[in-house]
Amino acid sequence: MQSLNELEAWLKIHLPEVAADLKPGATENELQSLSDAIGVKLPNDFLQLYAWHNGQGRSVNAGPWYGLEFLSLDHVQRECEMWKQVLEESSPESLTSLAECMKSSPPGFVKRQYANAHWIPFAYDWGGNYLGVDLSPDEKGTYGQVINFGRDEERKIAVAPSIG
């Protein structure tokens, strides 16, 4: 939690509009509702992140990670449902063809897939791309690692071993 407080202090100095846009923390019930809705157990550091702040209020076009908007839990759920629908409506042949174009950096950390229902976004670029936690890593990856993914992301990068 100390690192989140340090991030908030940094935001207040360097990106005060983003700091002012942060919503109050999510409740345990809100966190459990998301977990139930998407059918996964969320990592502790993801839960701590959202207990700190439940995303942004969307009044500014900037965010704390590479300028990406910090998604509220409601927005996380909508994005997860949209990607689940993409997976359900895509043919196996189409998904296989898309997977052939995918790469992992470093190799073997992120599964070579276009989409995965266990990639949970927390930051968004407004163009269909995300930072999120990977709850289904490849053989060298770590459960809960932070990755990039989305509509334009052929190279999935393991950004960090966890949100922490």
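Each remark here, short or long, concerns the structure printed above.
Definitions and cut-offs
- Residues numbered from 1 in each chain as written.
- Predicted model: local features only at pLDDT ≥ 70, side-chain atom pairs only at ≥ 80, totals over all residues.
- Heavy atoms only, no water.
- Helix = DSSP H or I, 4+ residues; strand = E, 2+ residues; numbered from the N terminus.
- Rg over C-alpha atoms; globule rule 2.2 N^0.38 Å.
- Buried < 20%, exposed > 50% of the residue type's maximum accessible area, 1.4 Å probe, protein only.
- Contact = heavy atoms within 4.5 Å.
- Areas by Shrake-Rupley, 256 points an atom, 1.4 Å probe, with all protein chains shown as cover.
- Lys, Arg positive; Asp, Glu negative; His and termini not counted.
- Charge placed at Lys NZ, Arg CZ, Asp CG, Glu CD.
- Pairing = 2+ DSSP bridges.

Visitor: Give me the overall build of the protein chain: which residues, what numbers.
Guide: A count of helices and strands for the protein chain gives 6 helices and 6 strands. Going residue by residue from the N terminus, the α and β elements of the protein chain occur as α-α-α-α-β-α-α-β-β-β-β-β. Against the compact-globule benchmark of 15 Å for 164 residues, the protein chain has a radius of gyration of 16 Å, which places it among compact chains. Projected onto its principal axes, the C-alpha coordinates of the protein chain cover approximately 45 × 30 × 25 Å. Put simply, the protein chain has 164 residues, and 45% of those count as buried. When contacts within the protein chain are restricted to residue pairs at least 6 apart in sequence, long-range pairs at least 24 apart make up 58% of them. Accessible area for the protein chain stands at about 8,500 Å²; split by element, carbon and sulfur atoms hold 51% of it. With 13 positive and 23 negative side-chain charges, the protein chain shows a spacing of 4 Å between the two charge centroids.

Visitor: Help me get a handle on the environment of Leu42, residues and values and all.
Guide: Inspection of the secondary structure puts Leu42 in the loop between helix 3 (28-38) and helix 4 (44-52). Residue classification places Leu42 among the buried residues on the basis of a relative accessible area of 2%. Put simply, Leu42 and Phe149 are 107 residues apart on the chain and 18 Å apart in space, counted from C-alpha to C-alpha.

Visitor: Residue-level account of unusual backbone geometry, with values.
Guide: The linkage connecting Ser105 with the following residue, Pro106, adopts the cis geometry, with an omega of -15 degrees. Inspection of the secondary structure assignment puts Pro106 in the loop between strand 2 (103-105) and strand 3 (119-124). One non-glycine residue, Arg58, lies in the positive phi region at around 70 degrees. With respect to the helices and strands, Arg58 occurs in the loop between helix 4 and strand 1 (69-70). The phi dihedral of Tyr66 falls on the positive side, at around 55 degrees, and the residue is not glycine. Structurally, Tyr66 is set in the loop between helix 4 and strand 1.

Visitor: Let's hear about the pairing of strand 4 (residues 129-134): which residues, and what values?
Guide: Among the 6 residues of strand 4, 6 are classified as buried, and the element is accordingly described as predominantly covered. Where strand 3 and strand 4 come together, 5 bridges link them in antiparallel fashion. Following the sheet pairing, Ala123 is matched in strand 4 by Leu131. Remark: 4 residues form the turn of the hairpin made by strand 3 and strand 4, two consecutive strands paired antiparallel; Trp126 in that turn has positive phi of roughly 70 degrees. In this sheet, strand 5 (residues 145-150) lies alongside strand 4 in antiparallel orientation, the contact comprising 6 bridges. Within strand 5, the residue paired with Gly132 across the bridge is Ile147.

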